[in-house]
Amino acid sequence: AVALTGNMGQWEYWLGYLAHIDLKMKDNEDMGVAARVNWRPNDAFRLGVAGFVGRGASHSKLTEDGFGVGRARCNYVDIDYNYDKDRWITSGQVVYQSENDDVAIGAEVGYRATRWLMPFVRYDWVVLQQESDYSVTTLGVNVEPLPGFVLKGQVAQEGCHTRMDLSATYTLEF
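Residues numbered from 1 in each chain as written. Predicted model: local features only at pLDDT ≥ 70, side-chain atom pairs only at ≥ 80, totals over all residues. Heavy atoms only, no water.

**Q** How would you explain the overall build of the protein chain if you had to name every residue and give the values?
**A** Of the regular secondary structure elements, the protein chain holds 0 helices and 13 strands. From first element to last, N terminus to C terminus, the protein chain shows the α and β order β-β-β-β-β-β-β-β-β-β-β-β-β. Buried residues in the protein chain amount to 25% of all 174 residues. Of the contacts formed within the protein chain by residues at least 6 apart in sequence, a portion of 25% connects residues at least 24 apart. Accessible surface computed for the protein chain: about 12,000 Å², of which carbon and sulfur atoms make up 61%. (Helix = DSSP H or I, 4+ residues; strand = E, 2+ residues; numbered from the N terminus. Buried < 20%, exposed > 50% of the residue type's maximum accessible area, 1.4 Å probe, protein only. Contact = heavy atoms within 4.5 Å. Areas by Shrake-Rupley, 256 points an atom, 1.4 Å probe, with all protein chains shown as cover.)

Next comes the structure, spelled out in structure tokens:
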């Protein structure tokens with residue numbers, strides 16, 4: 001990926017070209033172009049719009065060596081927001097994908113109980129044109145015992161299926 005990023009006042013932008021290049025330089029492939037614009041009127045709120053125009057993956061025909069040929073054109077559009085004020089954090093997004101004409105809508109609310117503990121709840125609704133729609137409700141907690149190191153535990157309910165996820169991340173800032 002090659003990207004151009006920057007900001008002008010309350011606006012941030014990102015424009016990128018995405019490609020797949022193998023190490024032998026024999027099988028190079030253009031994937032598409034992605035762009036994003038964020039508006040930040042203050043320190044607490046961000047509203048963003050993003051998009052992707054390029055080749056999709058789900059209608060690929062695979063050759064014997066596993067590479068796709070004849071991929072369908074695919075467009076994504078995303079509108080999302082974040083609000084982080086005092087102890088409350090909320091975010092949401094709507095994503096449209098043209099390859100299968102699918103839509104996903106999600107929202108999350110978290111409460112920073114202490115500097116290191118934040119429980120949250122999330123709801124996602126996915127509308128699929130070629131399959132049944134579904135929704136997922138998630139309850140979780142983020143624990144940050146050390147600056148930049150986060151442990152996350154969550155339980156998700158999708159219909160009659162329950163899933164538990166545990167993860168650990170570390171963010172290195174430089």
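**Q** Account for the packing of aromatic side chains, naming residues and giving values.
**A** Each aromatic ring pair is summarised here by two numbers: the centre-to-centre distance and the angle between the ring planes. Within the structure shown, the criterion is met by 4 aromatic pairs. Between W88 and Y111, the aromatic rings sit 4.7 Å apart at their centres with planes inclined by 55°, giving tilted as the arrangement. Pair noted here: W88 is in strand β8 (residues 88-97) and Y111 is in strand β9 (residues 102-111), with a separation of 23 residues, a long-range link. For Y111, a relative accessible area of 31% puts it in the partly exposed group. Among the aromatic residues, ring-to-ring pairing joins W11, W39 and F45 into one connected group. (Phe/Tyr/Trp six-rings, centres within 6.5 Å; stacked < 30°, edge-to-face > 60°.)

**Q** Describe the side chain of D78, listing the residues and the values that go with them.
**A** Along the chain, D78 falls in strand β7 (residues 73-85). For D78, the residues in contact, after removing those within four places along its chain, are R36, G48, V49, A50, Q93, V94 and V95.

**Q** How would you explain the environment of V126 if you had to name every residue and give the values?
**A** Among the structural elements, V126 can be located in strand β10 (residues 117-127). The buried category is assigned to V126, whose relative accessible area is 13%. Expressed as a C-alpha distance, the spacing of V126 and V136, which sit 10 residues apart in the sequence, is 8.5 Å. When sequence neighbours within four positions are dropped, the list of residues in contact with V126 reads V103, A104, D133 and Y134.

**Q** Account for the pattern of salt bridges, with residues named and values stated.
**A** One side chain can pair with another of opposite charge once the charged atoms of both are near each other. Going through the model one piece at a time under the given rule, you end up with 8 salt bridges. In this structure, D80 engages R46 in a salt bridge whose closest nitrogen and oxygen atoms are separated by 2.6 Å. In this pair, D80 is assigned in strand β7 and R46 in strand β4 (residues 45-55), connecting sequence segments 34 residues apart. In terms of burial, D80 and R46 fall into one category: buried. Through salt bridges with shared partners, a single network forms among R36, R46, D78 and D80. (Salt bridge = Lys/Arg side-chain N within 4 Å of Asp/Glu carboxyl O.)

**Q** Give me the environment of I105: which residues, what numbers.
**A** The topology assignment puts I105 in strand β9. A relative accessible area of 34% means that I105 is categorised as partly exposed. For I105, the contacting residues outside a window of four places in its chain are Q93, V94, Y123, D124 and W125.

**Q** Give me unusual backbone geometry: which residues, what numbers.
**A** Positive phi outside glycine occurs at D86, with the angle close to 55°. Among the secondary structure elements, D86 is positioned in the loop between β7 and β8. Classification of D86 as exposed rests on a relative accessible area of 65%. Although it is not a glycine, D101 adopts a positive phi angle of roughly 60°. Its location among the elements puts D101 in the loop between β8 and β9.

**Q** Please set out the environment of S167 residue by residue, giving values where relevant.
**A** Assignment of secondary structure puts S167 in strand β13 (residues 161-170). It is 8.2 Å that separates the C-alpha atoms of S167 and V150, two residues lying 17 residues apart in sequence. Not counting residues within four places of it along the chain, the set of residues in contact with S167 comprises V150, L151 and K152.

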